[in-house]
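Residue-level listing of the chains:
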Amino acid sequence: MSEDKLQDKFLICIDCGEEFVFDIAAQEYFIEKGWLEDPKRCKMCYKKHKKAQRKNAQQFENRAHH
Ligand SMILES: [Zn+2]
C-alpha cells in the first residue's frame, strides 16, 4: 500500500457544469475498479447518463430479437 493520502477532489461536471466532490470513498472505489481517470459527471448526471445508455441498449436488443 502506498502512503499517499487521498483527499476530496472538486471536479466540474461536463454535463451540467456544476462543481461536484469526488470524495475519498469514491476515489477508493475507482482505485478498486482499476479506473485511473477521474469521473467526468456528477452523480446526478452520471445516473442519467447510465439510464440513457441502458435505454439505448434495450432498444437495440429489442430490435435484434424481432
Ligand atoms: Zn452534472
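Scroll up to find the structure this text is about.
Residues numbered from 1 in each chain as written. Predicted model: local features only at pLDDT ≥ 70, side-chain atom pairs only at ≥ 80, totals over all residues.

(A) The environment of cysteine 45, seen in detail. Inspection of the secondary structure puts cysteine 45 in helix α2 (residues 43–65). Judged by the 18 C-beta atoms lying within 10 Å of it, cysteine 45 falls in the partly exposed class. Cysteine 45 sits 32 residues away from cysteine 13 along the chain, and the two C-alpha atoms are 7.9 Å apart. Ignoring anything within four residues of it in the chain, the contact list for cysteine 45 reads Cys13, Asp15 and Cys16. (Helix = DSSP H or I, 4+ residues; strand = E, 2+ residues; numbered from the N terminus. Buried ≥ 20, exposed ≤ 12 C-beta atoms within 10 Å, placed from the backbone. Contact = placed C-beta atoms within 7 Å.)

(B) Representation of helix α1 (residues 24–33) in the model. Within α1, only zero of the ten residues are buried, leaving the element largely exposed. Of the residues one or two after α1, glycine 34 is the one with positive phi, at around 80°.

(C) Looking closely at the environment of valine 21. Topologically, valine 21 is positioned in strand β2 (residues 19–22). You can call valine 21 exposed: it has 12 C-beta atoms within 10 Å. The spatial distance from the C-alpha of valine 21 to the C-alpha of aspartate 38 is 11 Å, given a sequence separation of 17 residues. What valine 21 contacts, discounting residues up to four positions off in sequence, is Asp8 and Phe10.

(D) Fine view of the pairing of β2. Taken together, the four bridges between strand β1 (residues 9–12) and β2 define a ladder with antiparallel strand orientation. Bridge assignment links lysine 9 to a residue of β2, and that residue is phenylalanine 22. Hairpin connection, β1 to β2: the antiparallel pair is bridged by six residues, and glycine 17 has positive phi, about 75°. (Pairing = 2+ DSSP bridges.)

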